[in-house]
Amino acid sequence: MSPLLSTVQLANTVTYYGTREPGSFSGYYDWAKQSIKYKMANYRTKLRGFGVPELQDEFRRITTVHLESKFMSKLDEYTPKPLVLFHSKGGALGLRLQAILLKAASHPCINKTREVAIRCLMVYLGESTDQISS
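Predicted model, so just to flag it, every value in this text is computed and none were measured.

**Student:** Mind showing me how you'd approach the packing of aromatic side chains here?
**Tutor:** Working definition: an aromatic ring pair is given by the centre-to-centre distance plus the angle between the planes. Counted by the stated rule, this structure contains one aromatic pair. Each ring, one from Phe86 and one from Tyr124, has its centre 5.7 Å from the other, and the planes form 55 degrees; the classification is tilted. Here Tyr124 lies in helix 7 (residues 110–124) and Phe86 lies in helix 5 (residues 80–88), a separation of 38 residues in the sequence. Note on Phe86: relative accessible area 2%, which makes it buried. We classify Tyr124 as partly exposed; its relative accessible area is 32%.

**Student:** What is the right way to read a nonpolar patch on the surface from this model?
**Tutor:** Residues Leu85, Leu121, Tyr124 and Leu125 make up a contiguous nonpolar surface patch of roughly 350 Å² in combined accessible area. Examined against the element boundaries, Leu125 turns out to sit in the segment after helix 7. Residue class for Leu125 comes out exposed when judged on its relative accessible area of 56%.

**Student:** What is the right way to look at the packing of helix 5 against helix 6 (residues 91–106) in this model?
**Tutor:** The relative placement of two packed helices is expressed as an angle between their axes plus a distance between the axes. Orientation of helix 5 relative to helix 6, taken along the N-to-C sense of each, is 130 degrees, at an axis distance of 8 Å. Between helix 5 and helix 6, the crossing angle belongs to the class labelled oblique. On helix 6, the residues touching Leu83, Phe86 and His87 of helix 5 are Leu97, Gln98 and Leu101.

**Student:** Honestly, the nonpolar core in this entry has me stumped. Any pointers?
**Tutor:** Side chains of nonpolar character tend, in soluble globular proteins, to be buried together. In terms of nonpolar packing, the biggest core is built from ten residues, these being Leu83, Phe86, Leu97, Ile100, Leu101, Ala104, Val116, Ala117, Cys120 and Val123. Counting only elements with at least two residues in this core, the list comes to helix 5, helix 6 and helix 7.

Scoring rules and cut-offs
- Residues numbered from 1 in each chain as written.
- Predicted model: local features only at pLDDT ≥ 70, side-chain atom pairs only at ≥ 80, totals over all residues.
- Heavy atoms only, no water.
- Phe/Tyr/Trp six-rings, centres within 6.5 Å; stacked < 30°, edge-to-face > 60°.
- Helix = DSSP H or I, 4+ residues; strand = E, 2+ residues; numbered from the N terminus.
- Buried < 20%, exposed > 50% of the residue type's maximum accessible area, 1.4 Å probe, protein only.
- Patch = residues over 30% accessible without salt bridge, like charges linked within 9 Å, V, L, I, M, F, W, Y side chains within 5 Å.
- Areas by Shrake-Rupley, 256 points an atom, 1.4 Å probe, with all protein chains shown as cover.
- Salt bridge = Lys/Arg side-chain N within 4 Å of Asp/Glu carboxyl O.
- Axes fitted to C-alpha atoms, helices over the stretch in contact; angles between N-to-C directions.
- Parallel < 35°, antiparallel > 145°, perpendicular 65-115°, else oblique.
- Contact = heavy atoms within 4.5 Å.
- Core = buried A, V, L, I, M, F, W, Y, C linked by side-chain atoms within 4.5 Å.

That is the geometry; function is a separate question.
In structure tokens:
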């Protein structure tokens with residue numbers, strides 16, 4: 001047993017004298033070993049009740065997904081609605097968005113559309129677009 005575990009068990013038997021094990025060389029060795037064994041079994045049972053295998057399966061599913069292709073496909077799927085919103089904006093924000101949106105009209109490829117959607121979203125949210133390379 002580890003020294004820390006022995007210290008905790010000794011403190012427990014000193015505090016609760018009735019837990020002292022007669023005939024044991026330390027007064028708590030067998031009791032502590034069995035107690036911890038059952039506590040760990042109960043803990044494992046509780047974890048199984050929470051669906052640990054399901055959590056592990058979900059973790060495996062998430063970590064094996066190719067994130068860039070998934071992100072790009074979802075970006076392509078959801079881009080049209082925000083672009084309509086960006087086109088409808090007026091005022092100073094609308095002017096900044098229109099300057100970015102004109103770039104997409106002059107280059108109608110998917111990569112340019114993605115770039116424009118991300119830039120417009122950043123401007124719309126008040127973020128700086130200086131960190132994005134063209």
